[in-house]
Amino acid sequence: MKKNLIVFILLCTVAFRLHAQTADAEMKAWQAYMTPGDIHKMLSKSDGNWTFESSTWMSPAAPPEKGTGTAVYKMILGGRYQSANFSGNMMGMPFEGQNLTGYDNMRKVFQSSWVDNMGTGVMQMEGKLDAATKTINFSGKMTDPVSGKDIMVREKFIFVDDNTQKMEMYDTRDGKETKSMEIIFKRKV
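Residues numbered from 1 in each chain as written. Predicted model: local features only at pLDDT ≥ 70, side-chain atom pairs only at ≥ 80, totals over all residues. Heavy atoms only, no water.

A. Region of the structure containing the pairing of strand β1 (residues 48–56). The sheet contact formed by β1 and strand β2 (residues 65–76) spans nine bridges and is antiparallel. Bridge pairing links F52 to G69 in β2. Alignment of β1 against strand β10 (residues 176–187), held across seven bridges, turns out to be antiparallel. In the sheet register, S54 faces β10, and the bridge partner there is I183. (Pairing = 2+ DSSP bridges. Helix = DSSP H or I, 4+ residues; strand = E, 2+ residues; numbered from the N terminus.)

In structure tokens, the structure reads:
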């Protein structure tokens, strides 16, 4: 009986230590996942007020529709995500849009969700940073309102300098990729 009690105590001690080690490893993993890093600091440099000029191509052969507006970028939730609110005129209509951009520390990818008053769907994209060109290369899909089907989209978001950014959007229809939008952002001083 005494021998069984000693074995039981030893097993409990080992189990407790293993549980504590597992709990410590889990806590460290969560801390790494939830802590904003250098990439989040890079995003935060865009916080502030911006103006934009847009060009939208409804067809590759047609001249672009021009638009203008403003954008406000702000890091939220302790510097983990960047929220952006847009307003202006695009394609001759009042325009409002919202973007949420984050960087997933575990998967090492940027994630972006976009909504605006010119649709009812949510466009979601993921991408990686090309540090040499200061470009986030996003890809994803969106609903084509004409066909009702999803189409592939690609976005290049370029940090030209501290006061200038450029977004280029491309979509693929019938197996052919074409440029559909370009926006130049200038920081309000």
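B. A look at the side chain of D144. Along the polypeptide, D144 turns up in the loop between β7 (135–143) and β8 (150–161). Relative accessible area serves as the criterion here: at 8%, D144 is assigned to the buried category. There is a polar contact of 3.2 Å between the side chain of D144 and the backbone nitrogen of V146. Once residues lying within four places of it in the same chain are set aside, the contact partners of D144 are K149, I151 and R173. (Buried < 20%, exposed > 50% of the residue type's maximum accessible area, 1.4 Å probe, protein only. Polar contact = N/O pair within 3.5 Å; in protein donor to acceptor, adjacent residues only side chain to side chain. Contact = heavy atoms within 4.5 Å.)

C. Seen up close, the pattern of salt bridges. Going through the model one piece at a time under the given rule, you end up with nine salt bridges. Salt bridges here are not isolated pairs; linked through shared partners, they connect K156, K166, E168, K179 and E182. (Salt bridge = Lys/Arg side-chain N within 4 Å of Asp/Glu carboxyl O.)

D. A look at the side chain of S55. Tracing the backbone shows S55 in strand β1. Among the residues examined, S55 registers a relative accessible area of 10% and is labelled buried. Side-chain polar atoms of S55 contact the side chain of K66, separated by 2.9 Å. Once residues within four sequence positions are removed from consideration, S55 is found in contact with P64, E65, K66, S180, M181 and E182.

E. A nonpolar patch on the surface, seen in detail. A cluster of nonpolar side chains, contributed by M27, W30, Y33 and M106, occupies part of the molecular surface with about 480 Å² of accessible area. Among the secondary structure elements, M106 is positioned in the loop between β4 (93–104) and β5 (109–116). (Patch = residues over 30% accessible without salt bridge, like charges linked within 9 Å, V, L, I, M, F, W, Y side chains within 5 Å. Areas by Shrake-Rupley, 256 points an atom, 1.4 Å probe, with all protein chains shown as cover.)

F. Inspection of the environment of V115 at higher detail. One can find V115 in strand β5. Residue class for V115 comes out partly exposed when judged on its relative accessible area of 32%.

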